Amino acid sequence: MHFPDLSQGHDSDRAFSEKLIRWQKQHGRHSLPWQKTRDPYRIWLSEIMLQQTQVATVIPYYQRFLARFPDVATLASAPLQAVMELWSGLGYYSRARNLHLCAQRVFAEYRGIFPADPALLEQLPGIGRSTAAAIAAFSCGVRAAILDGNVIRVFSRIFGIAEFSGGKPVKDALWRRAEALLPVSEIESYTQGLMDLGATICTRSKPNCPSCPFASCCVALASDRVEELPVRKPKKTLPEKRTAMLVIIHENQVLLEQRPDFGVWGGLLSLPELAVQQDSAEEADQHALELAAASYGIVQSCRQLQSFVHVFSHFRLHVSPYRISISQRLKIAAQSKHVWYEFDRIDQAPLPSPVKKLLLGMANLASLD
């Protein structure tokens, strides 16, 4: 692919970075809770949470995490379950597992001090090239390039990149452009400026082009392609999957099951599930449900609740929940994988968002026995 020469009809590389720094100082964000600190732990925590998640959503999670885990040693020594509990609802749960693993690595290999070298940071769990650069830039002033989704969108529009950025040749070219634009000094303001420009001005939809400092040299704006760029990944039809979730209730407690560490909702608690034939109707077989529930206790009643659909990045999950009351608990095989959880504390449980929403709704409607 070919990038337009910034010196031909565009600002020079140096002028680009200088203009962005000036804009950031005047119009950028300066009051986010992880700003005005050089603490790499706090910066790392914010960068991991901000991956694929909006600032407004992250802030309360970030504040709760710091209150519970104020430093890397505290986080490293905490049980994974406690980390997952605080992460519950933030999504992309592999980030939480990698967060815990990363803290343990930093504590064990670097005596609790994050390395300043982006190459070393990139070797730690959950830290990619762009995140490593951001951590190093904000904590140590290291001159390193970032290239997250916001930056790709900004570059694609300003420089008129009319190819999908996911392919290696295009991504490599984007990295070269990102490195060429790095300023000699004030890397923190420049890096924050790229983030702010993508998050507040050059947004995915309804960008505020009149307020953009690069409006006069933006290829997408000049050619009326702002809505077309960046080129989106070709859509694929998402596979459809189905499952029945068993909401097994006894004495104001609900039975929860520990999910495997990896995979969908890895490491979280959830409801026991029963496979549903993919080519059948959404409803599971009543006899099969009661038979499955009988492993946990003597079934009193079983009725279907409102079905719902949860969309993952790689498939759509159709969930049919069933409320099952039991009159007496039985000893559960693999007891350590199961826990009876008080409904009064269900908001504190490390549950996937749709499961927590389902159970909170039941509790609020006083739908228990």
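Owing to the predicted nature of the structure, the values given are computational and were not obtained by experimental measurement.

A closer look at the pattern of salt bridges
Where charged atoms from two side chains of opposite charge come close, those side chains can pair. Inspection of every chain in the model, using the stated rule, returns eleven salt bridges. Across the pair Asp 13 and Arg 177 runs a salt bridge whose closest N-O atoms are separated by 2.9 Å. Placement of Asp 13 in helix H1 (residues 13-27) and of Arg 177 in helix H10 (residues 168-180) is noted, with a sequence separation of 164 residues between them. On the basis of relative accessible area, Asp 13 is assigned to the partly exposed category, the value being 25%. Here Arg 259 makes a salt bridge to Glu 273, at a shortest N to O gap of 3.1 Å. Linking Arg 259 in the loop between strand E2 (253-258) and strand E3 (269-270) with Glu 273 in strand E4 (residues 273-275), this pair joins segments that are 14 residues apart in sequence.

Some remarks on the packing of aromatic side chains
Taken as a whole and judged by the stated rule, the model has eleven aromatic pairs. Ring geometry for Phe 16 and Phe 159: centres 5.8 Å apart, planes at 40°, overall tilted. Of this pair, Phe 16 sits in helix H1 while Phe 159 sits in helix H9 (residues 149-159); the two residues are 143 residues apart in sequence, bridging distant segments of the chain. The exposure class assigned to Phe 159 is buried, which follows from its relative accessible area of 2%. Pairing Tyr 41 with Trp 44 gives two aromatic rings, centres 5.7 Å apart and planes at 45°, and the pair type is tilted. You can see Tyr 41 and its partner Trp 44 sitting in helix H2 (residues 40-49), three residues apart, about one turn around the helix. According to the relative accessible area criterion, Trp 44 is buried, its value standing at 0%. Among the aromatic residues, those joined into a cluster by ring pairs are Phe 16, Phe 155, Phe 159 and Phe 214. One residue, Arg 129, lies across the ring of Trp 175, its end atom 3.7 Å from the ring centre.

Observations regarding helix H6 (residues 94-110)
In this model H6 runs 23 Å from its N-terminal to its C-terminal C-alpha over 17 residues, within 8% of the 24 Å that 1.5 Å per residue would give. As for H6, its buried residues are in contact with H2, helix H3 (55-68), helix H4 (72-77) and helix H5 (80-87). Downstream of H6 by a residue or two, Arg 111 has a phi angle that is positive, lying close to 55°.

Observations concerning the packing of H5 against H6
Taken N-terminus to C-terminus, the directions of H5 and H6 make an angle of 140°; their axes are 10 Å apart at the nearest point. Looking at the two axes, H5 sits oblique to H6. In the packing of H5 onto H6, the handedness of the crossing is right-handed. Residues Leu 80, Val 83, Met 84 and Trp 87 of H5 form the contact with H6, whose participating residues are Arg 95, Ala 96, Arg 97, Leu 99 and His 100. When grouped by side-chain class, the residues that make up the contact of H5 with H6 number six nonpolar, one polar and two charged.

A few points about the side chain of Gln 24
Looking at where Gln 24 falls in the secondary structure, it is placed in helix H1. A relative accessible area of 3% means that Gln 24 is categorised as buried.

Thoughts on the pairing of strand E6 (residues 308-311)
Here E6 pairs with strand E7 (residues 316-329) via four bridges, running antiparallel. Looking at E7, one finds that His 310 is bridged to Leu 317. The hairpin formed by E6 and E7 contains four residues between the paired strands.

Side note on the environment of Ala 136
By the secondary structure assignment, Ala 136 is in helix H8 (residues 129-140). When the C-alpha positions of Ala 136 and Phe 107 are compared, they lie 18 Å apart, and in sequence the two are 29 residues distant. Sequence-distant contacts of Ala 136, that is, excluding residues within four places in its chain, are made with Ala 116, Pro 118, Leu 121, Gly 141 and Val 142.

Let's talk about the nonpolar core
Residues Trp 44, Phe 155, Leu 256 and Leu 359 are the most contacted members of the largest nonpolar core, which totals 95 residues. With seven residues, H8 is the largest single contributor of residues to this core. Among all residues touching Phe 155, those that are not within four sequence positions of it are Phe 16, Leu 147, Gly 160, Ile 161, Leu 174, Arg 177, Ala 178, Leu 181 and Leu 194. Residues Leu 289, Tyr 296, Cys 302 and Tyr 322 belong to the second largest nonpolar core, which totals 14 residues.

About the thresholds
- Residues numbered from 1 in each chain as written.
- Predicted model: local features only at pLDDT ≥ 70, side-chain atom pairs only at ≥ 80, totals over all residues.
- Heavy atoms only, no water.
- Salt bridge = Lys/Arg side-chain N within 4 Å of Asp/Glu carboxyl O.
- Helix = DSSP H or I, 4+ residues; strand = E, 2+ residues; numbered from the N terminus.
- Buried < 20%, exposed > 50% of the residue type's maximum accessible area, 1.4 Å probe, protein only.
- Phe/Tyr/Trp six-rings, centres within 6.5 Å; stacked < 30°, edge-to-face > 60°.
- Lys NZ or Arg CZ within 6 Å of the ring centre and 35° of its normal.
- Expected span 1.5 Å × (residues − 1).
- Contact = heavy atoms within 4.5 Å.
- Axes fitted to C-alpha atoms, helices over the stretch in contact; angles between N-to-C directions.
- Parallel < 35°, antiparallel > 145°, perpendicular 65-115°, else oblique.
- Left-handed = near helix turned anticlockwise from the far one by under 90°.
- Nonpolar A, V, L, I, M, F, W, Y, C, P; charged D, E, K, R; others polar.
- Pairing = 2+ DSSP bridges.
- Core = buried A, V, L, I, M, F, W, Y, C linked by side-chain atoms within 4.5 Å.

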